[in-house]
Structure formats: structure tokens, C-alpha cells
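Working through the structure, step by step
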Amino acid sequence: YHSRRNQKAPPLYPSSLSGYFNFMASKPFDFQGSKNSSDFPVSGGVDSYIKAGSFVLEDNRQYLEYAREPWRRMGSRVIFDDSRLLRRYTVGDIQYPGVGFQGVATFGGISVNKKFEINPLSGAVKEGRTSFLLTQASKVDIYVNGQLFRSLQLKPGRYELNDLPLGYGFNDVTLVIQDVYGKIENLHFPYVQSTELLGKGQHKFSYNVGSTSQSNEKDIDYDTKNNLISGFHHVGLTETWTLGLSIQDDNKQSLFGFESIWGATLGALSFDLAQSRAPDYADDGAARLRFRSWSRPQDRVRDWGGSLEY
């Protein structure tokens with residue numbers, strides 16, 4: 001019993017061959033009798049996903065009754081996830097993420113993204129860290145947002161506490177320290193967690209290249225004369241400061257951007273700066289300063305902020 005209790009459960013992996021299909025169909029009905037319900041078209045769609053080894057094939061199609069072309073392809077792509085490097089490679093119809101002043105467009109091409117969601121157990125999520133000093137042997141209870149996280153019996157000395165399970169927004173970390181003489185001391189460490197902040201030394205990026213695309217009545221048209229390059233790269237310089245650069249270029253506009261996100265106990269402060277160039281316009285720039293803060297977990301759910309933009 002004891003040997004089995006201490007064994008680590010092996011991870012569960014998907015089958016080498018798996019997949020699923022989602023079907024959806026709807027038809028409006030007029031119960032008032034003012035219109036014949038048969039006049040309303042049936043609409044729907046089919047989403048198919050097939051996994052073979054480390055590759056996934058996705059296909060999305062829509063259906064509209066009475067249309068000249070009832071079936072319309074909305075997108076097809078092949079995806080490969082590298083769970084070790086947390087990278088996703090995509091070939092096909094892509095909607096890429098944008099940061100700062102970047103625009104987002106659909107295109108057909110190749111995309112490489114750093115995706116922390118590929119392996120939630122990778123430790124890529126930024127975690128809280130703090131240190132404290134004990135002058136006496138003590139019992140230390142650690143509370144995160146009002147919930148007991150861990151109880152420790154510690155000798156005198158300086159300790160560093162990390163791997164705190166922090167959530168999005170404001171986090172209240174409390175240490176309840178009781179020494180051998182019964183004296184109790186409470187230490188509070190507020191943290192603000194933003195999805196835009198990276199941990200120290202962590203990288204997040206997206207690189208995309210291809211041709212812009214637009215849906216028609218039946219399929220997708222690709223403008224091979226308008227090639228698109230778009231990407232960004234963010235890096236966590238410290239636990240509370242993230243910097244990034246971005247670029248976007250096609251036949252209509254070129255844009256270079258700079259992003260800075262800084263987190264403090266009051267909230268998250270971000271600064272975006274961009275310079276653009278277009279054939280029919282003079283070079284110009286844009287800047288944006290944003291601040292967002294959250295209430296404590298025990299307060300009513302709310303957040304507030306403000307922005308200045310040029």
C-alpha cells in the first residue's frame with residue numbers, strides 16, 4: 001500500500017491515431033405565422049480534426065441552404081506540436097496572434113509559435129517568489145488567496161519561497177509564523193499576475209509568412225501578389241518586466257513595434273510604440289500607455305484601468 005501510494009502516476013497521452021467531427025445545423029421557424037418557415041434556409045457547419053502521430057489535420061466548412069454554392073471551405077491546416085520546446089508549427093490557413101499596434105489578417109502560409117498551453121506541466125507559467133527570515137525555530141503556514149497552501153516546520157535562517165500557485169490578477173500571499181514560544185507574526189506579500197508578463201528568462205514568440213487570403217462563395221482566394229510577414233518576440237528580463245519587438249510587412253504597409261510590460265503590486269503597466277511606412281502616406285508613429293489593476297480576491301470581482309494613446 002505504501003509503495004503504491006508514493007508512486008508517481010504516469011502521464012496520459014493521446015492515441016497515435018484519433019480524431020473527431022463536430023456537426024451543427026439550425027433552421028429558424030416563424031411561430032407567428034407571418035412567414036412560411038420553409039423560406040428560412042438551413043445553416044450549419046462541419047469541423048473535422050484527425051491526429052496521426054504528432055500531426056493534426058484540421059478542416060472547417062460551412063453550409064447555407066439556397067446559396068449558389070451551399071458548402072464553403074473556411075480553412076484547412078496541418079499542425080505539429082513540439083512538446084519539448086513548446087512550439088507549434090502550422091501550415092495552411094492561419095489566423096496569427098498580434099501584439100501592440102499589429103493588425104490581424106487571415107493568410108495562407110507557415111506559422112511558428114511558442115505555446116505554453118502545449119504542456120501545462122512545463123513550469124512555463126510565471127510563479128510567485130519571496131523570501132523571509134526566521135530568528136527562531138517556527139511553524140510557517142502559507143496561505144494563497146485565503147487558502148492554506150503549505151505548512152512547514154523550519155529552523156532559524158533565511159528562506160526563499162517559490163512555486164506559489166498564483167492566479168490572474170491580484171494575489172494575496174500570507175505567511176503565519178508561530179515560533180517555539182508561541183509568538184505569532186503575519187507577513188503579507190501582494191502579487192499582481194498579468195497574462196502579458198513572462199517569467200525571468202522566458203520567451204514568447206510568433207513568426208508568420210504567407211499570402212493574404214479572403215473567403216469567396218465556395219473556397220478561399222489567396223493573393224499571391226501580396227505577401228505578408230508578421231511576427232513578435234517577447235522576453236522576460238525579470239519576474240516583473242517583459243520587453244518585446246514586433247514587425248509586420250506587406251505590399252500596403254510596414255510596421256515596426258516595441259512593447260514593454262511592467263507589473264507591480266498596484267497593477268500592470270504596458271507601453272507600446274510603433275513606426276509605420278506606407279507607399280502612399282508619409283512615415284508616421286503611434287504610442288500607447290495602458291494601466292490595469294485588480295481588486296483583492298475577497299473583494300467584489302472588478303478591475304479598472306486607463307489608457308493614453310497617440
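Owing to the predicted nature of the structure, the values given are computational and were not obtained by experimental measurement.

This part takes up the side chain of Asp179. By the element assignment, Asp179 lies in strand β11 (residues 169-179). This buried residue, Asp179, is left without a salt bridge; Lys183 holds the nearest opposite charge, at 5.7 Å. For Asp179, the side chain forms a polar contact with the main-chain nitrogen of Lys183, separated by 2.9 Å. If sequence neighbours within four positions are ignored, Asp179 has contacts with Gln136, Ala137 and Ser138.

Here is a general trend for soluble globular proteins: nonpolar side chains tend to be buried in one another's company. The biggest cluster of nonpolar side chains holds 10 residues, and these are Phe132, Leu134, Val140, Ile142, Leu154, Leu161, Val173, Leu175, Ile177 and Phe189. Put simply, the parts of the chain that give this core at least two residues each are β7 (128-134), β8 (138-144) and β11. Considering every element that reaches this core, the biggest residue donor is β11, with 3 residues.

Moving on: the packing of aromatic side chains. Under the counting rule described, the total for this entry stands at 6 aromatic pairs. A ring pair is formed by Phe21 and Phe23, whose centres lie 6.4 Å apart and whose planes are at 25°; its orientation type is stacked. Both rings, one in Phe80 and one in Tyr89, keep their centres 6.2 Å apart while their planes meet at 35°; by these two values the pair is tilted. The structure contains a cluster of three or more aromatic residues connected by ring pairs, namely Phe55, Phe80 and Tyr89. Note that Arg288 overlies the ring of Phe101, its terminal NZ or CZ placed 4.3 Å from the centroid.

As paired elements, strand β6 (residues 106-114) and strand β13 (residues 203-215) share 7 bridges and run antiparallel to each other. Residue pairing for β13: Gly108 is matched across the bridge by Ser211. Relative to strand β14 (residues 220-238), β13 runs antiparallel, the two being bridged by 12 bridges. Each bridged residue has a counterpart across the sheet, and for Ser206 the counterpart in β14 is Phe232. Between the end of β13 and the start of β14, which pair antiparallel, lie 4 residues.

Turning to the side chain of Ser138, a few remarks are in order. Structurally, Ser138 is set in strand β8. Taking relative accessible area as the criterion, Ser138 reaches 5% and is therefore assigned buried. When near neighbours in sequence (up to four residues on either side) are disregarded, Ser138 contacts Leu152, Gln153, Leu154, Ile177, Gln178 and Asp179.

Here we come to the pairing of strand β4 (residues 71-82). Pairing between strand β3 (residues 55-64) and β4: 9 bridges, direction antiparallel. Along β4, the bridge assignment pairs Tyr63 with Trp71. Hairpin connection of β3 to β4: 6 residues between the antiparallel strands, including Tyr66 at a positive phi of 75°. Sheet topology places β4 next to strand β5 (residues 87-95); 6 bridges connect them, and they run antiparallel. Looking at the pairing, Arg77 lines up with Gly92 of β5. Linking β4 back to β5 in an antiparallel pair, the connection comprises 4 residues, with Leu86 at a positive phi of about 60°.

About the thresholds
- Residues numbered from 1 in each chain as written.
- Predicted model: local features only at pLDDT ≥ 70, side-chain atom pairs only at ≥ 80, totals over all residues.
- Heavy atoms only, no water.
- Helix = DSSP H or I, 4+ residues; strand = E, 2+ residues; numbered from the N terminus.
- Buried < 20%, exposed > 50% of the residue type's maximum accessible area, 1.4 Å probe, protein only.
- Lys, Arg positive; Asp, Glu negative; His and termini not counted.
- Salt bridge = Lys/Arg side-chain N within 4 Å of Asp/Glu carboxyl O.
- Polar contact = N/O pair within 3.5 Å; in protein donor to acceptor, adjacent residues only side chain to side chain.
- Contact = heavy atoms within 4.5 Å.
- Core = buried A, V, L, I, M, F, W, Y, C linked by side-chain atoms within 4.5 Å.
- Phe/Tyr/Trp six-rings, centres within 6.5 Å; stacked < 30°, edge-to-face > 60°.
- Lys NZ or Arg CZ within 6 Å of the ring centre and 35° of its normal.
- Pairing = 2+ DSSP bridges.

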